[in-house]
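Here's the letter readout for the chains.
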Amino acid sequence: MKPQLKMQALERKAQILSAALTLCKTASYARVTREQIAEKAGCPPTLITYHFGTMPSLRRDIMREAVRVGCLPVIAQGLALRDSHALKAPEELRRRAVEALAN
């Protein structure tokens, strides 16, 4: 892949993850669909499949991104669902996510 095309692919993947995080803040992380994310990201669902593969893989990457950027509502959902990536988040981040649920 050419460097410019690779950068475009990385930017598109980041855009999809950002749209997914936005959705998951108010919708169920476990129930968000590829179609909902595609609509929010302004791309076809097949592009999401291209970048992330299966829904479990997509959800894994959403949770990893949530932990990376400190998206407390999504991390809290992951903790409630016993998501392995949410459970591996730093203790302080997990604590803040749970506290955010209580407020």
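Above this text is the structure in question.
Here is what the cut-offs are and how they apply
Residues numbered from 1 in each chain as written. Predicted model: local features only at pLDDT ≥ 70, side-chain atom pairs only at ≥ 80, totals over all residues. Heavy atoms only, no water. Salt bridge = Lys/Arg side-chain N within 4 Å of Asp/Glu carboxyl O. Helix = DSSP H or I, 4+ residues; strand = E, 2+ residues; numbered from the N terminus. Core = buried A, V, L, I, M, F, W, Y, C linked by side-chain atoms within 4.5 Å. Buried < 20%, exposed > 50% of the residue type's maximum accessible area, 1.4 Å probe, protein only. Contact = heavy atoms within 4.5 Å. Arc of directions from axis to C-beta.

**Details of the pattern of salt bridges**
No. 1: Under the counting rule described, the total for this entry stands at five salt bridges.
No. 2: For E65, the salt bridge goes to R68, with nearest N and O atoms at 2.9 Å. Here E65 and its partner R68 are both found in helix α4 (residues 55–69), three residues apart, which amounts to about one turn of the helix.
No. 3: Taken together, the salt bridges that share partners define one network made up of R60, D61 and R64.

**Quick word on the nonpolar core**
No. 1: In terms of nonpolar packing, the biggest core is built from 31 residues, with I37, I48, I62 and V74 touching the most fellow members.
No. 2: Residue assignment for this core shows that the elements contributing at least two residues are α1 (3–26), α2 (34–41), α3 (45–52), α4, α5 (72–80) and α7 (91–102).
No. 3: Top contributing element to this core by residue count: α1, with seven residues.
No. 4: The contacts of I48, once residues within four sequence positions are left out, are I16, R34, I37, A38, C43, G53 and L58.

**Topic: α2**
No. 1: Taken as a whole, α2 has its buried residues at R34, I37, A38 and A41. The arc that holds every buried residue of α2, seen down its axis, measures 100°, which confines them to one face.
No. 2: Positive phi shows up at G42, right after α2, with a value of about 70°.

**Structural notes on the environment of L58**
No. 1: Looking at the secondary structure, you find L58 in helix α4.
No. 2: L58 gets classed as buried once you look at its relative accessible area, which sits at 0%.
No. 3: Through-space distance from the C-alpha of L58 to that of L17 is 8.7 Å; in sequence the pair is 41 residues apart.
No. 4: Setting aside residues up to four positions removed in sequence, L58 forms contacts with I37, I48 and F52.

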